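# Per-entry structural report
Chain by chain, the residues:
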Amino acid sequence: MADDEIDYNIVFPDAGTSERHWQGTKEPVVILLGWAGCKDKHLSKYSSIYNEQGCVTIRYTAPLKTVFISESFGYKEMRSTALKLLEILYDYEVENSPIFFHIFSNAGFMLYRYIVELLHNDKQFSSLCVIGALVDSAPGSGNVRGALRALTATLGPKISPILRYFLLALFAVSVFLLRVVLYPLTKYIHKNHYDAVQERPPTWPHFYLYSRADQVIRHRDIELFVETLKLKGVPVDSYDFVTTAHVSHFREFPEQYTLKCRDFLVACMKDSDGTEIKKRHRVQN
């Protein structure tokens, strides 16, 4: 399996830590999907939340080109990445372990969308046991201003002002036309991540962490998404940090954030107890 084509990091816990926390059961595998422009040194701080709990962690952040160009213009490049990420589970022989996702911003959620579709449709992955997903600062829909803020932050201060404004203008016009004005037509060719997951959500539990102070993802987008999932019978909860900026909840409230992540993971592990048929049912429906 060609897992060497994507740049990921995997960390295995020591046996003693796993045994202390999971007491003879298979330790969870936590897949962390980073935000646009996320550096691995930052994502590793989140993975340590789970490593200290005796979990296997896999960290991956999609390239900027894929997030801001390929996905915006309807190229499903992320689908092949999603496939490779799931194949990593088999490469390291952890496919029988409980699987948990920690997703950041729209970039992570775009990739999660394709993972969900593969779990729905590809028989190769029908035996995987997904126990839950925690979503940080996502998903958002049709927010060009927020997308521009995300791209501006991602480009950083080193790029020349002329090139910066050119890229921002090109991106704004393209996204506005394809994802807002023409979306009633283009959605039949390529639905955005928000609509795709909302229309056919996975049935495992979800926990959404967000903030009404977020200037990139509108809090009402997340709240509407959560309400839709509830109406469809998905076990879902959410928490509003109120004052924190985009993907900054952990930085501002590290202890509270860590506790919420670990408590949700433990709850998902308890909920997953049951027959293997029940576990597969969660993935296939």
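That block above? That's the structure.
A brief structural summary.

Conventions we followed
- Residues numbered from 1 in each chain as written.
- Predicted model: local features only at pLDDT ≥ 70, side-chain atom pairs only at ≥ 80, totals over all residues.
- Heavy atoms only, no water.
- Helix = DSSP H or I, 4+ residues; strand = E, 2+ residues; numbered from the N terminus.
- Expected span 1.5 Å × (residues − 1).
- Buried < 20%, exposed > 50% of the residue type's maximum accessible area, 1.4 Å probe, protein only.
- Arc of directions from axis to C-beta.
- Contact = heavy atoms within 4.5 Å.
- Polar contact = N/O pair within 3.5 Å; in protein donor to acceptor, adjacent residues only side chain to side chain.
- Pairing = 2+ DSSP bridges.
- Axes fitted to C-alpha atoms, helices over the stretch in contact; angles between N-to-C directions.
- Phe/Tyr/Trp six-rings, centres within 6.5 Å; stacked < 30°, edge-to-face > 60°.
- Lys NZ or Arg CZ within 6 Å of the ring centre and 35° of its normal.

## Section: helix H12 (residues 254–271)
- Here H12 spans 26 Å end to end across 18 residues, near enough to the 26 Å set by a 1.5 Å rise per residue.
- Every buried residue of H12 is accounted for by Tyr257, Thr258, Cys261, Arg262, Phe264, Leu265, Cys268 and Met269. One face of H12 carries all of its buried residues, which in axial projection span an arc of 160 degrees. In H12, those exposed residues whose orientation departs by more than 90 degrees from the buried face are Glu255, Leu259 and Lys270.
- On its buried face, H12 is in contact with helix H1 (15–22), helix H2 (40–51), strand E4 (98–104), strand E5 (129–136), strand E6 (206–210) and helix H11 (249–252).

## Some details on the side chain of His193
- Locating His193 in the fold gives a position in helix H9 (residues 193–199).
- A distance of 3.1 Å separates a polar atom in the side chain of His193 from a polar atom in the side chain of Asn106.
- Every residue in contact with His193, bar those within four places of it in the chain, is listed here: Asn106, Phe109, Met110, Arg113, Pro139 and Gly140.

## Section: the sheet that holds strand E2 (residues 29–33)
- Here seven strands make up an open sheet; going across it, the order is E1-E3-E2-E4-E5-E6-E7 and the pairing mixed. Two strands bound the open sheet, and with one partner strand each, they are strand E1 (8–11) and strand E7 (236–240). When strand polarity is set aside, the average angle formed by the axes of neighbouring strands in this sheet is 15 degrees.
- Inspection of the sheet shows E1 paired to strand E3 (residues 56–60) by four bridges, in the antiparallel sense. Bridge assignment links Tyr8 to a residue of E3, and that residue is Tyr60.
- Each of E1, E2, E3, E4 and E5 is contacted by H2, which is oriented at about 160 degrees to E3, the strand it contacts most.
- Where helix H4 (residues 77–91) meets the sheet, it contacts E1, E2, E3 and E4, and its direction lies at approximately 160 degrees from that of E3.

## Here we look at the packing of aromatic side chains
- Under the definition given, this model contains 20 aromatic pairs.
- Summarising the aromatic geometry, the rings of Tyr8 and Tyr92 are spaced 6.5 Å apart at their centres and angled 85 degrees between planes, so their arrangement reads as edge-to-face. Of this pair, Tyr8 sits in strand E1 while Tyr92 sits in the loop between H4 and E4, and the two are 84 residues apart along the sequence.
- Classification of Tyr92 as partly exposed rests on a relative accessible area of 33%.
- Seen in terms of ring centroids, Tyr46 and Phe250 are 4.9 Å apart; in terms of plane orientation they differ by 45 degrees. Their pairing is tilted. Placement of the pair is Tyr46 in helix H2 and Phe250 in helix H11, with a sequence separation of 204 residues.
- Accessibility expressed as a relative area gives 15% for Phe250, which makes it buried.
- One aromatic cluster is present, formed by Trp35, Tyr46, Phe104, Tyr239, Phe241, Phe250, Phe253 and Tyr257 through successive ring pairs.
- Taking the ring centre of Tyr114 as reference, the NZ or CZ of Arg113 above it sits at 4.6 Å.
- It is Lys260 that lies over the ring of Tyr239; its NZ or CZ is 3.9 Å from the centre.

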